[in-house]
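One letter stands for each residue in the lines below.
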2 protein chains.
Amino acid sequence: MLDKITELLETKKYAAIRTLLLEENSADIAEIFEELSDENLILLFRLLPKDTASEVFVEMTSDKCETLIRSFSDSELHRILNELYVDDTVDIIEEMPASVVKRILKNTDAETRLAINQILQYPDDSAGSIMTIEYVDLKKHYTVEHAFSHIKKTGVDKETIYTSYVTDNERHLIGVVTARDLLLADREETIENIMETNVISVNTLDDREDVAKLFEKYDFLALPVVDKEGRLVGIVTVDDAIDVINEETEEDFAIMAGITPQEKPYLQSSIWRIFLSRVPWLLILMISATFTGIIITSYEKALSVYVVLTSFIPMLMGTAGNSSSQSSVTVIRGLSLGEIKFTDMLRVQWKELRISFLCGITLAIANFAKLYWFDRLVLGNADITVQVAIIVSITILVAIVLAKLVGCTLPIIAEKIGFDPAVMASPFITTIVDALSLLVFFQIAGLFLPI
Amino acid sequence: MLDKITELLETKKYAAIRTLLLEENSADIAEIFEELSDENLILLFRLLPKDTASEVFVEMTSDKCETLIRSFSDSELHRILNELYVDDTVDIIEEMPASVVKRILKNTDAETRLAINQILQYPDDSAGSIMTIEYVDLKKHYTVEHAFSHIKKTGVDKETIYTSYVTDNERHLIGVVTARDLLLADREETIENIMETNVISVNTLDDREDVAKLFEKYDFLALPVVDKEGRLVGIVTVDDAIDVINEETEEDFAIMAGITPQEKPYLQSSIWRIFLSRVPWLLILMISATFTGIIITSYEKALSVYVVLTSFIPMLMGTAGNSSSQSSVTVIRGLSLGEIKFTDMLRVQWKELRISFLCGITLAIANFAKLYWFDRLVLGNADITVQVAIIVSITILVAIVLAKLVGCTLPIIAEKIGFDPAVMASPFITTIVDALSLLVFFQIAGLFLPI
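Criteria and cut-off values
Residues numbered from 1 in each chain as written. Chains lettered and ligands numbered in written order. Predicted model: local features only at pLDDT ≥ 70, side-chain atom pairs only at ≥ 80, totals over all residues. Helix = DSSP H or I, 4+ residues; strand = E, 2+ residues; numbered from the N terminus. Rg over C-alpha atoms; globule rule 2.2 N^0.38 Å. Buried ≥ 20, exposed ≤ 12 C-beta atoms within 10 Å, placed from the backbone. Contact = placed C-beta atoms within 7 Å. Nonpolar A, V, L, I, M, F, W, Y, C, P; charged D, E, K, R; others polar. Least-squares fit on C-alpha atoms with pLDDT ≥ 70 in both. Pairing = 2+ DSSP bridges. Axes fitted to C-alpha atoms, helices over the stretch in contact; angles between N-to-C directions. Parallel < 35°, antiparallel > 145°, perpendicular 65-115°, else oblique. Left-handed = near helix turned anticlockwise from the far one by under 90°. pLDDT = per-residue confidence, 0-100. Domains from an automatic or database assignment. Right-handed = clockwise from strand over helix to strand, strands pointing away. Expected span 1.5 Å × (residues − 1).

Colleague: Describe the overall build of chain A, naming the residues involved and giving the relevant values.
Modeller: On a plain count of helices and strands, chain A comes out with 23 helices and six strands. Taking 2.2 N^0.38 as the reference for a compact globule, 451 residues should give roughly 22 Å; the C-alpha atoms of chain A span a radius of gyration of 30 Å, well beyond that estimate. Each of the three principal axes of chain A carries a C-alpha extent, and together these read 90 × 60 × 35 Å. The 451 residues of chain A split such that 45% are buried.

Here is the structure:
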């Protein structure tokens, strides 16, 4: 497709390009446009009809949006902005430099500008920040027929017409009606009789992640957002909820891998930005890993006598680290999905205690068998005495139990005291668990060997 | 709420319970029901009106569904099943033991049974397995008015009435019309004139994850599923797509943490099941970690002379492990979101090479400063000679570069040869990287010290 367009561009067959593009969905056109040079992008963008142009515009990455905005005249910019939903305009504004924002605000009409400024004031992770104001507003005394004609008249500018909101004269939300209710009802029926009055709504300041969870739970297509006084101020639609779910998931993955979450996709990010998102964590973890170094140094003499013990350090630390991240990731996801709460802590710990005991016993036996029967008797490695095999096996059991308890407890406590539990995951817990398992190893070794 | 109901249950005020429940959304009723004893669950379930009962039924966990089904008479089961969408029935069937499945199939009418059996035959991760057959079917010669009355007549049983599908006489999909198009069009207009003919559809055998991605990309509410001949066989709705996204995310998290993915929520799973999902990975990783032990053993003599080197092993392995998981998780997510493709491999490697060099240099300098200025000069640790500081710092640089290259490359190759790239993440790559960084350490040490 891109090849075809490049070819047509060379021969300046713009009409053909236009026909070709208009067969595509806006999201696909945006994908093609991402690959064009700035010059060609500006050229081809002007070929699109007004409504397609704005649909494509919101799908582009922020760099390309900026390029386009800079190429627009004020009247062109005004025309595009007029076609956008307020939530999309806000998304774009949040990514633009101040000078571009100024031009955007200058070219929107007063009412929209007011709405944009309001939405921009809500905290980044709030329901208010992801809502839009283009919803269908009905009155309870309307008939279904009246509602249809109201939707037909005003619906073209609304982000969704599948859920309509019924408000009283003070804009208090008193009911919702879905297009399904309308389509299945008799035309003479009044809205009051078919509307759902047990409305599930969210507050402007609610966490956007909790809002997204409501969509999963109730299978909604849109959710109303109300202010403290219960007045309807906007709606959140399911596509925005999906975006929130994805962004939050990406954040969790990034944090668990020791990366400061980034908004831009990897391939579009600069080396320098990626470097900055990674290096602080590596530095912190490198420094915290020196604790394990200190522990080893303090047993330096013992290790110079029983060098064989050294060879088990990576395995023990690795096994403990893997055990703890099994527990911590499970608990972190449970917390983030709302399946696990702070009040479940004891239940989780008791569960993990038993699981860790089962895992610990299994690995200890497997390890003892390997060391004693295979390494010592079959391979004839004389360094591995019965004592050594016992020390390593007991350490595995104790380390796994400790690792799993630390792994399941820290994320729950983190969430309770207001930290992101994902931050407590892999690398940090691993550092703690590394140190713990080394201490256990040397303590247990001390029981059997004169160190 | 649960307390209130328990109280009313004790005094047998069933009418009051019913009123209380009917104010709640079905998803909330299901949540309350999950907490009840089997006996009370069966009792309260019978209080619900037919349509609410089936909505609550599909929201319950499989254990409770089974309890309920076992308590139903054949006619009750028939009534509930009649209200379910086929995709929900299939979901329930997949979780039930054979005897229950038999009863379910016995109590569905012939047409639905045929559809269920067809859907059950599609592979677990295919579009066919998550689709439903209750969609609105229009003909192109219908007027909008006719379409409305058709929807009003048949829509009550359809999973969505917001997208209608236009088929010819051989059931080939020739267009789609959204309820939005219908509501905004004139009533005399024919469907042919307002339908979208560039239909984006999926094939029954397409990967359900790819299907979910189409929802994210195009912001659809439903997607048609066609067979090889282009005949419409079902639809997938956005709520199912959200479920798929969540399930796949959970799978990725589990696999990255070295856990075989489980369908049941953590708190509902038995100790034994969780144990079985974790212990094989711990065993495999424990055994593979013995490679690092072998490497250490082969440098045993050197280590007994320069014991100080031992104390750096955890830090070096940890830093390399963290570096590689930063890269691998980034690439795995990029692959899973479709942002990175196999053809991007060289681009990714070149990017990671430069990033790893920046990270490596930074950490090497920080480490050298710490060892030389702080540990040696300030703390007066005589073991840490200039050579040792240089050895450790160079190892950090080389290990980070190797770790990041391994971390970014293996997932891409895994995906190319048909493995799940997530399997290649944290624990496995870490094992490889652990071994590599140890080898680098001893090689570089050998250049500066007589070992």
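Colleague: Tell me about the interface of chain A and chain B, residues and numbers included.
Modeller: Taken together, the 86 residues of chain A in the interface contact 86 residues of chain B. Among the elements that line the side of chain A that touches chain B, the one with the most residues is helix 17 (residues 271-298) of chain A, at 15 residues. Class assignment for the residues of the side of chain A that touches chain B results in 47 nonpolar, 23 polar and 16 charged.

Colleague: Lay out the relation of the copies chain A and chain B with the relevant residues and their values.
Modeller: For the pair chain A and chain B, the relating rotation is 180 degrees, the translation along its axis is 0.0 Å, and the fit reaches an RMSD of 0.1 Å. The two molecules are tied by a two-fold rotation axis, judged by turn and shift. No C-alpha of chain A lies nearer the rotation axis than that of serine 304 of chain A, which sits 2.4 Å from it. With an isologous cut-off of 70% or more, the 100% of interface residues of chain A that recur at the interface of chain B puts this contact in the isologous class.

Colleague: Kindly report on the sheet that holds strand 6 (residues 232-237) of chain B, identifying the contributing residues and their values.
Modeller: All names here are of chain B. An order of 4-5-6 is seen for the three strands of this open sheet, with the pairing classed as mixed. The outermost strands of the open sheet, each flanked by one partner alone, are strand 4 (202-203) and strand 6. The pairing of strand 5 (residues 222-226) with strand 6 spans five bridges and is antiparallel. Directly across from valine 225, in strand 6, lies its bridge partner glycine 234. Relative to the sheet, helix 15 (residues 208-218) contacts strand 4, strand 5 and strand 6, its axis offset from that of strand 5 by approximately 140 degrees. The sheet strands contacting helix 16 (residues 238-256) are strand 5 and strand 6, and the helix crosses strand 6 at an angle near 65 degrees.

Colleague: Before we move on, could you go through the packing of helix 21 (residues 345-378) of chain B against helix 22 (residues 386-416) of chain B and cite the residues and values that matter?
Modeller: Residue and element names in this part refer to chain B. For the pair helix 21 and helix 22, interaxial distance at closest approach is 8 Å and the crossing angle is 155 degrees. Between helix 21 and helix 22, the angle falls in the class roughly antiparallel. Seen from above, helix 21 lies across helix 22 with right-handed handedness. Here the contact of helix 21 with helix 22 is composed, by residue class, of 23 nonpolar, six polar and two charged.

Colleague: I'd like a description of the confidence of the model for chain A, backed by residues and values.
Modeller: In this model, chain A carries an average pLDDT of 90, and 99% of its residues clear a pLDDT of 70 or more. Strand 4 (residues 202-203) of chain A holds the highest mean pLDDT among the elements of chain A, 96, whereas helix 18 (residues 300-305) of chain A holds the lowest, 82.

Colleague: So what's going on with the environment of isoleucine 332 of chain B? Which residues, and what values?
Modeller: Residue and element names in this part refer to chain B. When you line up the elements, isoleucine 332 lands in helix 20 (residues 313-336). On the neighbour-count criterion, isoleucine 332 (32 C-beta atoms within 10 Å) is buried. On a C-alpha basis, the gap between isoleucine 332 and lysine 351 in space is 15 Å, while along the polypeptide they are 19 residues apart.

Colleague: If you had to explain unusual backbone geometry to someone new, which residues and values would you point to?
Modeller: All names here are of chain A. Unlike most non-glycine residues, arginine 171 shows phi in positive territory, near 65 degrees. Among the structural elements, arginine 171 can be located in the loop between strand 2 (163-167) and strand 3 (173-178). C-beta crowding within 10 Å serves as the criterion here: with 15 such atoms nearby, arginine 171 is assigned to the partly exposed category.

Colleague: A description of the sheet that holds strand 1 (residues 136-138) of chain A should follow, citing residues and the corresponding values.
Modeller: All names here are of chain A. Pairing within the open sheet is mixed, and its three strands lie in the order 1-2-3. The open sheet has two edge strands with one neighbour each: strand 1 and strand 3. Going from strand to strand, the sheet's axes swing by 35 degrees on average, the running direction of each strand aside. Inspection of the sheet shows strand 1 paired to strand 2 by three bridges, in the parallel sense. Across the sheet, aspartate 137 pairs through a bridge with tyrosine 165, a residue of strand 2.

Colleague: An account of the environment of methionine 195 of chain A is needed here, citing residue identities and associated values.
Modeller: All names here are of chain A. When you line up the elements, methionine 195 lands in the loop between helix 14 (191-194) and strand 4. Look at methionine 195 and you get buried, because 20 C-beta atoms sit within 10 Å. Sequence separation of methionine 195 and glutamine 262 is 67 residues, and the distance between their C-alpha atoms is 42 Å. Setting aside its immediate chain neighbours within four residues, methionine 195 contacts Lys140, Val166, Gly175, Val176 and Val177.

Colleague: Describe the domain arrangement of chain A, with residues and values.
Modeller: Along its sequence, chain A is carved into domain 1 (2-121), domain 2 (136-238) and domain 3 (266-448). Spacing between the C-alpha centres of domain 2 of chain A and domain 3 of chain A amounts to 51 Å.

Colleague: Provide a residue-level description of the packing of helix 8 (residues 86-95) of chain B against helix 10 (residues 110-121) of chain B, including the pertinent values.
Modeller: Residue and element names in this part refer to chain B. Running from N to C, helix 8 and helix 10 cross one another at 60 degrees; their axes reach a closest spacing of 10 Å. Relative to helix 10, the element helix 8 lies oblique. By crossing handedness, the relation of helix 8 to helix 10 is classed as right-handed. Contacts between helix 8 and helix 10 involve Val86, Thr89, Val90 and Ile93 on the former and, on the latter, Thr112, Ala115, Ile116, Ile119 and Leu120.

Colleague: Would you mind going over the pairing of strand 2 (residues 163-167) of chain B in detail, with residue names and values included?
Modeller: Residues and elements named next belong to chain B. Of all five residues that make up strand 2, four are buried, and the element is covered over most of its length. Crossover strand 1 (residues 136-138) to strand 2 through helix 12 (residues 144-154) is right-handed. Looking at chain direction, strand 2 and strand 3 (residues 173-178) are connected through five bridges and run antiparallel. Along strand 3, the bridge assignment pairs threonine 163 with threonine 178. As consecutive antiparallel partners, strand 2 and strand 3 are separated by five residues, and within that stretch arginine 171 has a phi angle of approximately 65 degrees, a positive value.

Colleague: Describe helix 22 (residues 386-416) of chain A, with residues and values.
Modeller: Residues and elements named next belong to chain A. For helix 22, with 31 residues, the first-to-last C-alpha span of 45 Å sits near the 45 Å given by 1.5 Å per residue. Buried residues dominate helix 22, accounting for 24 of its 31 residues. Note on helix 22: the residue one or two positions beyond its end, glycine 418, has a positive phi of about 90 degrees.

Colleague: Can you break down the environment of tyrosine 162 of chain B residue by residue, with the values?
Modeller: Locating tyrosine 162 of chain B in the fold gives a position in the loop between helix 12 and strand 2. On a C-alpha basis, the gap between tyrosine 162 of chain B and leucine 221 of chain B in space is 7.7 Å, while along the polypeptide they are 59 residues apart. Discounting residues that sit within four places of it in the chain, tyrosine 162 of chain B has contacts with Tyr162 and Ala179 of chain A together with Thr178, Ala179 and Leu221 of chain B.

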